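What follows is the residue order along each chain.
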Amino acid sequence: MIKTAFINNIPFNFSEGEMILSFVRKYFEKDYIPTLCDAQNLEPFGSCRVCTVEVALQKNGNTKTVASCHTPVIEGSYIYTHSEKVNKIRKNIVELVLTDHPLDCLTCEVNNNCELQTVAAKVGIRDVRYPEGKNHFDRKKDLSHPFMTSDLAKCINCFRCIRACDEVQGEMVLSMAGRGFDSQIIKSNNNNFFESDCVSCGACAQACPTSAISDVFESKSVIYDKKVRTVCTYCGVGCNLDVAVSNGNVKSIQAPYDAEVNNGHTCIKGRFAFTFYNHPDRLKTPLIRKNGELTPATWDEAYDFIAEKINEIKSKYGPDYISGISSARCTNEENYFMQKLFRAVIGTNNIDSCARVCHSPTATGMQRTFGTGAATNSIDEINNTDLILVTGANPTNAHPVTGAKLKQFAMKKPMIVIDPRKTELARYAKYHLQLKPGTNVAVLNMMLYYIVEEGLEDIEFIKNRTEGYDEFKNHILNQNINELEKISGVNKELVKQAAIAYAKAEKAMSFHGLGVTEHLQGTYSVMLLSDLAMITGNIGKKGVGVNPLRGQNNVQGAADMGCQPHQGAGYLDFTKPEIHNLYEEFYGVKLSQKIGYKIPEMFEAMVEGKLKAMILMGEDVVQTDPNSNFVIEALSKLELLVVNEIFMTETAKMAHVILPASSFLEKSGTFTNGERRIQRVNAVVDPIEGTKPDGQIVIDIINKLGYKQADYNPETALEEISKIVPFFAGVKWNELGINGKQWPVMPDGSDTKILHKETFKRGKGKFQTATWHESPEITENKKDFPYILTTNRELEHYNSGTMTRRTNISQIVPDDVLLINPVDAKKHFIAEGDMVCVMSVRGKIDVKAHITDEVEPGILSSTFHFPLVKMNVLTSEISDTEALCPEYKVVSVNIRKSKGVYQNV
Amino acid sequence: MGRKILLEKTGIENINTYEVYRREGGYSAVEKALKKMTPEEVVEEVKKSGLRGRGGAGFPAGMKWSFIAKPEGVPRYLLCNADESEPGTFKDRFLMEKIPHLLIEGMILSSYALGCNTSYIYIRGEYMWILRILEKALEEARQNGWLGKNILKSGYDLEIYVSPGAGAYICGEETALIESLEGKRGNPRMKPPFPAVKGLWQSPTVVNNVETISSVVSIVNNGGEQYASIGLGKSTGTKLISACGNIRKPGVYEIELGISVEEFLYSDEYCGGINNGKRLKACIPGGSSVPILPHYLVTKTANGEQRLMTYESLADGGFATGSMLGSGGFIVFDEDQCIVRNTWNFSRFYHHESCGQCSPCREGTGWMDKVLKRIEYGKGNMHDIDLLVSISKNIEGNTICPLGDAAAWPVASAIRHFREEFEWHIKEPVKCLETNYGLVKETELEA
Amino acid sequence: MHNMETREKIQFKPETVAEINRIISQFPQGKQKSALLRILHIAQHEFGNWLSVEVMDYIAEFLNIKPIEVYEVASFYSMYNLNPVGKVVLEVCHTGPCCLVGAEKMIKHIEQTLNIKPGETTSDGMFTLKTVECLGACGYGPMLQIGEDYHEKLTIEKLDNLLNVIKNKNN
């Protein structure tokens, strides 16, 4: 039923429960009613009272003044937005606010970009009638933090920063202390930003209407020539960024409110970690190794060197002696050309990407159960679900914007966290199943057992949509629960409660991360997560599903584009003759049908002399792949190692040729985020002089090797991709809009929020069984290496830290640390900050100790953001049995207190 | 002598103990309700009684109860507002101190009527000794089977706890009280949602004043109609009045609503007239928040009618010539009192107590305090009076909670009725300083 | 990351812990924060009449809430002292009704007797004078509160007596 109310005597339609302010905004400009405490991504707060309007229940009836932001519209009421009374109230209120606000606009950071200034002008304030009284002008500025600043003399107590901290980020670092006129913003215990628990997401600065809280880049007020909207280069959330550019330089970044992915929010990395792009360390000229030294060269010299070498190796050994690793940090188009270079130009399927070392088990597992490996649902459905299961993921650190949403959820509704660490989410979760690393299969089997035992299956769904259930049920009921309890170390009662909660929830959504995949049984765990969703009917509708939290900005895209050795662009199986023919026809050349090497197999092949050349697009395998010493040994056997990079990484140092590439700020294309959303990346600045976008570099090599390919251009590239990748059929550069489209995109351009709605990609969903096995890493090494080391991420840094370490983030987090339980620390006489020697069967390293109950006794955890620490010297070459994803999460180690300072072997 | 309902037994020795209270017929209302009445019937009696909220707003209690949402599987809460903080009001304290079991009995009845199984008494932190009296009485009630599981084998379970505030007038506002009881700052919540739908821990909640809840005992015992037969018109029953200021007999009195203000002020049964043979200058009849009445509007309305102690009569004349019954804090000023000084004093109070959330109140109360102080200390100018009126209009009706109104009304009404006295302060600063009880001269004058 | 470094030992007495647990049990599970105000009163009493940051942090840990949730609350309510005060805090009501019956004279008298202004503490650390808003004793003014006790219908003589008794008791 349509309801009507009158705005200034003109009738308009409104929906039940709508507030007056949003009702008026629907039909008039956004600032038609001035406001101070209202902000686009925050709940109404009602404290500034500037949005006051007059309301009468009938025409010419008695009016009442109400705050429009939190007063619901009443049917048939008459709303007066600019009556004399209202105008006077607004003016007087703003005048009162100004009595405790310094009138130094001309020298203020946000002069001309200040909401208070705008509102004051709008309500017609010319002067302030009050004499100078008691005020807060003497509050000191806080310049302690590398990114955040505050000048609370400018604060107007609108609470927007506090609400942003609470409602958007969920951090609760900011609050109001004191009362009334004496109330003021505090950061933790009135510390400065640097000493507070602030996670530097910048939401408060963006929310603040004045300069009371801001950032060092002055993002609210910076003078710019243009603002360019692009997509963040860090994690797979895919935040949209508004980048301000002046004189060809990036000045600051804000998060657009109209971004569906991040709704005006982003994290420390997205907002502040951009200064790496013009860091003096940037590689600016091609380098060729001559007499053991990397020597500057021209592009042509470099390309000639590469072409010559490749042709030589190809003719001497064959194309399968050449391999490539593409980059999940690069665009879809660049990845597409990289695989094309290998398949169509060099003639081998030896192309893989770092999806291998993170979510390949997800792809494999979900392909086996559902038919496709991508996230089944969309992130914003967090708002439409009743329970969330988070397995092996630490999104508040690794996927901060999604993490913040999950944290908000966990504060209000039930969450199950399966994780060996007491992560931030685990602290908020109703159920934390703190399992021993490497026992996901055991715990998930327990959950499935209890669901079956309690008779909580969705019989209807199982009957209509799935197959293989009887066999599966049989297998599940034969599990020895007591033994699994012992294996996993999780109380079976707790598992039972969690299982019941998951099964009984009207809608339950599952998220998982690398804590599921980077294991011996990664693929099996993913299949069990799929089983959980299927057995409870949590698939194919809003607010449910199995959703991998993809690590890198475009790791989804790299695999979509065919950067994997067993499937071509669009996941098509080229071993099938009809597919093979399709590709041959499309590329116009003969193609190999032999499945190529996966990344771990590549290193083995190198050592065995079966691989002689490698082209790496932006991958630092020495630092990030497991068992670094083995990787180094493998790479050193190569006759040709080409690395496209923006900085001199540990891997680049070993290259024969280095090609200086451009960063995300310097190129255009598309990234596909973890919810299959293809979004436009728009070049913000020109490539740094001497560099080229990876796409152009790859195309240059393609041409040099004799295949005709036009210069890199995302529009034409997408046109080519849309013709071969089925789920890109309707993707057009000019139609992606500001928020992109979620694949599959139909030829008519319509996109897909939820997968497997009517049927599964593979027809019926297939139940898969799994039996827990101990990793050989443990069985073989536990006697001498009794601790289990697992690896994790810190919010502030990104992966190998190549970029983030070259920003002021390093002032906040300068080191990798080893998390160690107080009990273990005591046992080894280790104090906070002591250096600890960590040894595995493969090597040893020194790292600083951080004593915390985040890990249980017997468990250690650390990051590998810093090359100095070389954490991956320790990790093993054991991989997931199905997808060959390395087991980063279970390493048998021993520890002792060390005197050494990073004297790593 | 008027009839007494609440204070009927306060004269009995040791009535604060369970034994004596029970011996004198205490808890018979609980027996009656739990054994013979359904919760709905209790609500019905309270509706019939016409009992109005005694905290200040005067909203019909039965109607308030009937608004409580009853979603399945969600607990409901009754909160007793014992945060008595309105200057001039000290009646709840008297009741709880003298006869704590009356409140507890009322709490049991009200909780039963509302379907609450846990109820809380939120008491101001300064009344910590009364909290101890209540906890002792609650323990006695529990020992004797009036609280706990399956009370009187009726199947009804109830626990009552007392929780203190810590010095914040604002927590007497029901949503601020709820926030405070949740262990938070006492910042009032926006409405809607109303507490009856989403209150304590987002559950349906009713907040009632101590006196309101205590009155339920008599209503259940004797029936709502009997209660309604006392009083006048819509002002049914009796009301506790806290009388203070320059009167001969300050204290807490129970009156039948409807007696004349003159009788209350001058008879020996109540205030006993103005102290020291002085003349009446003004009176604030319902706690510091309600408009002040000049002497000629205290016992008579503007129409020359007898002014009565009822919600309606005290409000007769609206804000122009009337006031409000409010919480029943009856503050009397003799001829020597300075209205400017007193108005400033109350403004300072509201400035101190503003939570700081809404800008008109946070900034406005401060400015009223500042400007009034300036006038009081002989530093004002004529524009200041208009500025005060402007600020008070700005605050009134423009805040989330009624503290804004409470801060605005005293200033607006004092200027309305005593403008000349304000002007005199401005025109005759020296004289004004000399006459102000010898207190002003040495006091700091930074304004 | 949660730091496990040991802080200076602040601990409630065992009987206080029992009392606090009793109070927490009055609220539904997960709503233990509701006990915060009362616990702050207890802490203030137990740890020298005021709430230091360390004490507030301890309470936060005790209740499993964030320290800032304690600071924001403690600074809101006027009964909590966030700075050290004297052994005996004289809280004199100076709101309207008490002033009508002479509260200002009482305050002045205390100021002169103890040689301190409101907000100050005597040099021997014995007395702090605090002016407070209405304590609900309007009919019995002037009045002041010491700890939990109300002292009502004050006169200069009663006040002198009271101060002497306190001094003697604490000497």
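Not measured: the values here are computed from a predicted model.

Participant: Mind laying out the overall build of chain A, listing which residues take part and the relevant values?
Facilitator: Helices and strands together make up the secondary structure of chain A, namely 29 helices and 36 strands. Taken over C-alpha atoms, the radius of gyration comes to 29 Å for chain A, in line with the 29 Å a tight globule of 905 residues would show. In terms of principal-axis extent, the alpha carbons of chain A reach across some 90 × 70 × 65 Å. Within the span of chain A, comprising 905 residues, buried residues form 66% of the whole. Long-range pairs, those at least 24 residues apart, make up 73% of the contacts in chain A with a sequence separation of at least 6.

Participant: Explain the sheet that holds strand β11 (residues 226-231) of chain A residue by residue, including any values.
Facilitator: Residue and element names in this part refer to chain A. Strand order in the open sheet formed by 3 strands is β11-β12-β13, and the pairing between neighbours is antiparallel. Because the sheet does not close on itself, it has two edges, and the strands there are β11 and β13 (249-254). The mean inter-strand angle of the sheet, taken between neighbouring strand axes irrespective of direction, is 35°. Bridging between strand β12 (residues 240-246) and β13 involves 5 bridges; their strand directions are antiparallel. Residue serine 246 lies in a different strand from β13, and its bridge partner there is asparagine 249.

Participant: Account for a nonpolar patch on the surface, naming residues and giving values.
Facilitator: There is a patch of nonpolar side chains on the surface, built from Phe59, Met63 and Phe67 of chain B and spanning about 290 Å² of accessible area. Residue position: methionine 63 of chain B is located in helix α4 (residues 61-66).

Participant: Describe in detail the interface of chain C and chain B, supporting the description with residues and values.
Facilitator: Taken residue by residue, the interface counts 40 residues in chain C and 60 residues in chain B. A buried area of about 4100 Å², summed over both sides, lies between chain C and chain B, and 56% of it is on carbon and sulfur atoms. Looking at the side of chain C facing chain B, the largest losses of area belong to Phe76, Leu100 and Glu148 of chain C, adding up to 17% of the total buried there. One salt bridge connects arginine 348 of chain B with glutamate 133 of chain C, and the closest N-O pair in it is separated by 3.1 Å. Scanning the region where chain C abuts chain B turns up 24 residue pairs in polar contact (both at pLDDT 80 or more). Mapped onto the side of chain C that touches chain B, the elements with two or more residues apiece are α2 (36-46), α4 (67-74), α5 (96-100) and α6 (103-114) of chain C. Grouping the constituent residues of the side of chain C that touches chain B by class yields 19 nonpolar, 11 polar and 10 charged.

Participant: Quick one: what's the story with the pattern of salt bridges, residue by residue and with numbers?
Facilitator: Across all of its chains, the model carries 80 salt bridges over all chains by this definition. We note a salt bridge from lysine 590 of chain A to glutamate 584 of chain A, for which the minimum N-O separation is 3.3 Å. Judged by its relative accessible area of 12%, glutamate 584 of chain A is buried. Residue lysine 637 of chain A pairs with glutamate 633 of chain A through a salt bridge whose shortest N-O separation is 3.5 Å. Residue class for lysine 637 of chain A comes out partly exposed when judged on its relative accessible area of 38%. On the basis of relative accessible area, glutamate 633 of chain A is assigned to the partly exposed category, the value being 34%. Several salt bridges converge on common partners, so that one network encompasses Arg54, Lys91, Asp92, Glu211 and Lys239 of chain B.

Participant: Describe the packing of helix α13 (residues 440-453) of chain A against helix α15 (residues 469-477) of chain A, with residues and values.
Facilitator: Residues and elements named next belong to chain A. Interaxial distance between α13 and α15 falls to 9 Å at its minimum, and their mutual angle equals 110°. Accordingly, the angle class assigned to the pair α13 and α15 is roughly perpendicular. Every residue of α15 that contacts α13 at Asn445, Leu448, Tyr449 and Val452 is listed here: Tyr469, Phe472, Lys473, Ile476 and Leu477.

Participant: Can you tell me about the interface of chain B and chain A, naming the residues and giving the values?
Facilitator: Between chain B and chain A, the residue contacts involve 31 residues of the former and 33 residues of the latter. Roughly 2600 Å² is buried in total at the junction of chain B and chain A, and carbon and sulfur atoms are behind 53% of that figure. Joining chain B to chain A, the criterion identifies 1 salt bridge. Among the salt bridges present, the one from glutamate 353 of chain B reaches arginine 179 of chain A, with a minimum N-O distance of 3.0 Å. Taken together, the connections running from chain B to chain A amount to 16 residue pairs in polar contact (both at pLDDT 80 or more). Per-element tally for the side of chain B that touches chain A: the top contributor is helix α15 (residues 359-376) of chain B, with 8 residues. By residue class, the composition of the side of chain B that touches chain A is 10 nonpolar, 14 polar and 7 charged.

Participant: How would you explain the state of the cysteines if you had to name every residue and give the values?
Facilitator: Inspection of every chain in the model, using the stated rule, returns 0 disulfides over all chains. Its sulfur unpaired, cysteine 69 of chain A is 3.9 Å from the next cysteine sulfur, which belongs to cysteine 51 of chain A. Overall, cysteine 69 of chain A belongs to the buried group, its relative accessible area being 4%. Cysteine 271 of chain B carries a free sulfur, and the closest cysteine sulfur to it, the one in cysteine 283 of chain B, is 8.2 Å from it.

Participant: Can you explain unusual backbone geometry? Please cite residues and give values.
Facilitator: A cis amide bond, omega 0°, links tryptophan 743 of chain A with the succeeding residue proline 744 of chain A. Geometrically, the link from proline 192 of chain B to proline 193 of chain B is a cis peptide bond, its omega value of 0° lying close to zero. The residue proline 193 of chain B is located in the loop between α8 (174-181) and β5 (205-209) in this model.

Participant: Tell me what's going on with helix α16 (residues 481-488) of chain A, and back it up with residues and numbers.
Facilitator: Residues spaced three or four apart along an α-helix face the same direction, because each turn holds 3.6 residues. Residues and elements named next belong to chain A. Three or more residues of α16 are buried, namely Ile481, Leu484, Ile487 and Ser488. Burial along α16 is one-sided: seen end-on, the buried residues are contained in an arc of 115°. Looking at the packing, one finds that the buried side of α16 touches α13 and α17 (492-504). For α16, the N-terminal cap is asparagine 480; the gap from its side-chain oxygen to the backbone nitrogen of asparagine 482 is 3.2 Å. Looking at the residues trailing α16, positive phi occurs at glycine 489, about 75°.

Participant: Describe the confidence of the model for chain C, and please don't skip the residues or the numbers.
Facilitator: Residue and element names in this part refer to chain C. Looking at chain C, the pLDDT average stands at 93 and 95% of residues meet or exceed 70. Within the model, pLDDT remains below 50 along residues 1-7, and this stretch shows 22 contacts once partners closer than five positions in the same chain are excluded. Among the scores for the predicted complex, ipTM is 0.94 and pTM is 0.91.

The rules we used
- Residues numbered from 1 in each chain as written.
- Chains lettered and ligands numbered in written order.
- Predicted model: local features only at pLDDT ≥ 70, side-chain atom pairs only at ≥ 80, totals over all residues.
- Heavy atoms only, no water.
- Helix = DSSP H or I, 4+ residues; strand = E, 2+ residues; numbered from the N terminus.
- Rg over C-alpha atoms; globule rule 2.2 N^0.38 Å.
- Buried < 20%, exposed > 50% of the residue type's maximum accessible area, 1.4 Å probe, protein only.
- Contact = heavy atoms within 4.5 Å.
- Pairing = 2+ DSSP bridges.
- Axes fitted to C-alpha atoms, helices over the stretch in contact; angles between N-to-C directions.
- Patch = residues over 30% accessible without salt bridge, like charges linked within 9 Å, V, L, I, M, F, W, Y side chains within 5 Å.
- Areas by Shrake-Rupley, 256 points an atom, 1.4 Å probe, with all protein chains shown as cover.
- Salt bridge = Lys/Arg side-chain N within 4 Å of Asp/Glu carboxyl O.
- Buried area = accessible area lost by both parts, 1.4 Å probe.
- Polar contact = N/O pair within 3.5 Å; in protein donor to acceptor, adjacent residues only side chain to side chain.
- Nonpolar A, V, L, I, M, F, W, Y, C, P; charged D, E, K, R; others polar.
- Parallel < 35°, antiparallel > 145°, perpendicular 65-115°, else oblique.
- Disulfide = S-S within 2.5 Å.
- Arc of directions from axis to C-beta.
- pLDDT = per-residue confidence, 0-100.

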